[in-house]
Amino acid sequence: YRSPEVETDEHNFGLLNMPDEHPARDMWDTFYLNQPGLVLRTHTSPGQIRSMRELGEDGTKPVRVILPGMVYRYEQVTARSEMQFNQVEGIVVGKNITLADLKGTFVEFAKHMYGGKTQLRFRASYFPFTEPSVEIDVYWGTATERDRMITKGTGWLEISGAGMIHPTVLRNGGYDPEVWSGFAFGMGPERAAMRLLG
């Protein structure tokens, strides 16, 4: 599912559980455009709302969507980050979707992407549009100075932020959170390629 790179503030933040003055807005260094209410999207997450509303048939149908695209953040360019980069978002909305479904999806992804012996870990985190939230890391190693620089000395490289879709976001997408649940993840293919290609 393709969503716009120039996005409304409402889709980029408000409908994702970040109203005006919400401190989580500071997590993203946003490029604001000259036209009020428009930004360069800071993540592909606005596509969650758009795809749920468009494909969910007023909250009556499950949705399984991959949302690829460019995102923009006003931040320092380093070995780990860029101002313009790719992101691949995924959402699954259905009945009885659990965190175990998210974990199983990533365990299978890691097996297929990096091989069956890849070490994967899930760490508690915070994103306003998921609850609970996790960050997912793969083991990179610390054999060289470069390895230590890329992994901040830990040996682990974050490949995704993820979690269960927050009830407010489900509601904003047209779903009744008492009946429907879902998970979402966002990952940078550049990070996945770094791990894959060493």
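For the structure, check the block above.
**Q** Would you take a moment to explain the sheet that holds strand 4 (residues 84-94) for this structure?
**A** Within a sheet, adjacent strands bond to each other through the backbone by hydrogen bonds, running parallel or antiparallel. The sheet built from six strands is open, its strands ordered 3-4-8-7-6-5 with antiparallel pairing. Both outer strands of the open sheet, strand 3 (63-72) and strand 5 (120-127), are each paired with one neighbouring strand and no more. If you compare each strand with its neighbour and ignore which way they point, the axes differ by 25 degrees on average. Relative to strand 8 (residues 181-187), strand 7 (residues 156-165) is paired through five bridges, and the arrangement is antiparallel. Of the residues in strand 8, the one forming a bridge with M164 is F183. Lying on the sheet, helix 2 (residues 46-55) is in contact with strand 3, strand 4, strand 7 and strand 8; it crosses strand 3 at an angle near 145 degrees. Packed on one face of the sheet, helix 6 (residues 189-197) meets strand 4, strand 6 (130-139), strand 7 and strand 8 and runs near 100 degrees to strand 4.

**Q** How do you make sense of helix 2 when you look at a structure like this?
**A** An α-helical turn contains 3.6 residues, so a residue and the one three or four places further along point in the same direction. For helix 2, the complete set of buried residues consists of P46, G47, Q48, I49, S51 and M52. Backbone geometry just after helix 2 places E57 at a positive phi near 50 degrees.

**Q** What's the story with unusual backbone geometry in this structure? I'm lost.
**A** Working note: non-glycine residues mostly have negative phi, and peptide bonds are mostly trans. Following E131, the chain continues into P132 via a peptide bond in cis, with omega recorded as 0 degrees. Along the chain, P132 falls in strand 6. In this structure, E57 is a non-glycine residue whose phi angle is positive, near 50 degrees. When you line up the elements, E57 lands in the loop between helix 2 and strand 3. Classification of E57 as partly exposed rests on a relative accessible area of 47%. With a phi angle near 70 degrees, N96 is a residue other than glycine that sits in the positive phi range. By the element assignment, N96 lies in the loop between strand 4 and helix 3 (99-114).

Each value, and the rule that gives it
Residues numbered from 1 in each chain as written. Predicted model: local features only at pLDDT ≥ 70, side-chain atom pairs only at ≥ 80, totals over all residues. Heavy atoms only, no water. Pairing = 2+ DSSP bridges. Helix = DSSP H or I, 4+ residues; strand = E, 2+ residues; numbered from the N terminus. Axes fitted to C-alpha atoms, helices over the stretch in contact; angles between N-to-C directions. Contact = heavy atoms within 4.5 Å. Buried < 20%, exposed > 50% of the residue type's maximum accessible area, 1.4 Å probe, protein only.

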